[in-house]
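What follows is the residue order along each chain.
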Amino acid sequence: MMPRQIKILAIESSCDETAAAVVVDGRTVCSNIISSQIALHTLYGGVVPEIASRKHIEKINQVIEEALREADTTLDDLDAVGVTYGPGLVGALLVGVAEAKAISYGKKIPLVGVHHIEGHICANYIENKELEPPFLCLVVSGGHTHLVKVQDYGTYEVIGRTRDDAAGEAFDKVARAIGLGYPGGPKIEKVSREGDPHAIEFPRAKVADGPYDFSFSGLKSAVLNYLNGCKMKGIPVVQADVAASFQKAVVDVLVGNAVKAIEEFQAERFAIAGGVASNGVFREAMRDACTKKGVKFYHPSPVLCTDNAAMIGAAAYYDFMAGRRDGMDLNAIPNLKLGER
Ligand code: KG4
Ligand code: ZN
């Protein structure tokens, strides 16, 4: 007899995407609906927390209904509801958490709280059916830059992290400085195609007492100094060269630390995740480095790299199978640490 399938409705609202997905057995995505607020926040040059919360409230029911409809299912047909409860913007997280609690209570189905970064990591399981722990994962998003040892489903050890800005944050800040606007990552990647990555020598910061740690604030300052210098000397700034040289510096540091960790921990598999993992230059550099080391390389499709609920459904499934159940006291935890319960 075939084991019963576990169907989970997952909800994600930690930042500026309102998202819902229906995922079966953690790896089969029946629907993945994302309502992005990016256009709205672009007006302000970044995410405005109060606006994000209000938009989540306006959109969440619609997004869930669409996810259920596309998966050809109903609330009565679910085994559990999974929801991101941290880290993220507290007001934004609360919308998803309250919604998930209401569904859990109303339909008498288990509630599973999911760590947002765990979700990003689990995005890799969706299209790589053979991927199983242990593996190393570099999570690079707008809020986080974590090098993680995935020891087992639900068991993580963070071996490296940023000491200041996250990689995505650096992309966003540099994009603003060179007049590209929000969100910076995709825009920098696009204009970089016209630029020379060797045009300007930006620093590759090493963190003395943390071989796998990252620091991007010095790089950001170096870009700002370069722009100021050009202005003072009356030299025209070539936007595409600045973008390409900056992107190359970030990618070199990310890949450098990844390779150190691969060597030290003798990893056989390496995965990337988070919004910056959709960057083509980073993906190719990481793929080359893994090939050279004889390591199998994994990455989600771009739509599963940036915030979505399918990844939360994948993570919720493994948490559910491990027996995690949350009660009506589940709260949003804006600074939730990975591996903490
Ligand atoms: O994972 P994500 O959607 O949200 C967080 O959890 O933070 O990541 C968003 C971040 C933003 O900083 C955005 O600029 C960056 O990912 N990003 C990129 C690219 N696409 C998104 N960075 C570099 N290249 C890209 N193509
Ligand atoms: Zn994210």
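This write-up is about the structure you can find in this document. (Residues numbered from 1 in each chain as written. Chains lettered and ligands numbered in written order. Predicted model: local features only at pLDDT ≥ 70, side-chain atom pairs only at ≥ 80, totals over all residues. Heavy atoms only, no water.)

A few points about the environment of P334
So the rule is basically this: The numbering of helices and of strands both runs from the N terminus, where a helix is a DSSP run of H or I of at least 4 residues and a strand a run of E of at least 2. Throughout, exposure labels follow a simple rule: accessible area from a 1.4 Å probe, protein chains only, divided by the maximum for the residue type, with under 20% read as buried, over 50% as exposed, and the rest as partly exposed. Contacts were defined at the residue level, with two residues in contact if any of their heavy atoms lie within 4.5 Å.
If you trace the backbone, P334 turns up in the segment after α11 (310-321). Under the relative-accessibility criterion, P334 is labelled partly exposed at 37%. Along the primary structure P334 and V90 are separated by 244 residues, whereas in three dimensions their C-alpha atoms are 5.2 Å apart. Contact partners of P334, with chain neighbours within four places excluded, come to P87, G88, V90 and L93.

Digging into the site of ligand 1
Using the following cut-off: Consider each residue's heavy atoms; a residue with any of them within 4 Å of a molecule or strand counts as near. Nitrogen and oxygen atoms within 3.5 Å of one another constitute a polar contact, given that in protein one can donate a hydrogen and the other can accept it, and given that sequence-neighbouring residues count only through two side-chain atoms. Surface accessibility follows the Shrake-Rupley procedure with a 1.4 Å probe radius. Residue values consider only the protein chains on display as shielding.
In the vicinity of ligand 1 there are 20 residues, among which G142, D172, G185, E189 and N279 approach most closely. Contact distances for ligand 1 include 3.0 Å between an oxygen atom and a backbone N or O atom of G275. The protein chains hide 89% of the 560 Å² of surface that ligand 1 would expose on its own. Where the shell around ligand 1 is concerned, the elements lending two or more residues are α4 (116-127), α5 (167-177) and α6 (184-192). Per-element tally for the shell around ligand 1: the top contributor is α6, with four residues.

Section: the coordination of the zinc ion (ligand 2)
This is how it is decided: Coordinating donors are taken as N, O and S atoms within 2.8 Å of the metal, stretched to 3.2 Å for Na, K and Ca; because water is absent from the atoms, sites can appear incomplete. Irregular is the label for any site that misses the other tests, which are tetrahedral for four donors with all angles between 85 and 135 degrees, and square planar for four donors or octahedral for six when opposite donors exceed 155 degrees and the remaining angles lie between 65 and 115.
The zinc ion (ligand 2) binds to the protein through H116 (NE2), H120 (NE2) and D307 (OD); the donor distances cover 2.0 to 2.1 Å. Considering all four donor atoms around the zinc ion (ligand 2), the spread of angles at the metal, 96 to 132°, places the coordination shape in the tetrahedral class. Spacing between the donor residues of the zinc ion (ligand 2) along their common chain follows H-x3-H-x186-D. Placement of H120 in helix α4 and of D307 in the loop between α10 (302-305) and α11 is noted, with a sequence separation of 187 residues between them. Judged by relative accessible area, which is 1%, H120 ranks as buried. Looking at D307, the relative accessible area reads 15%, which means it is buried.

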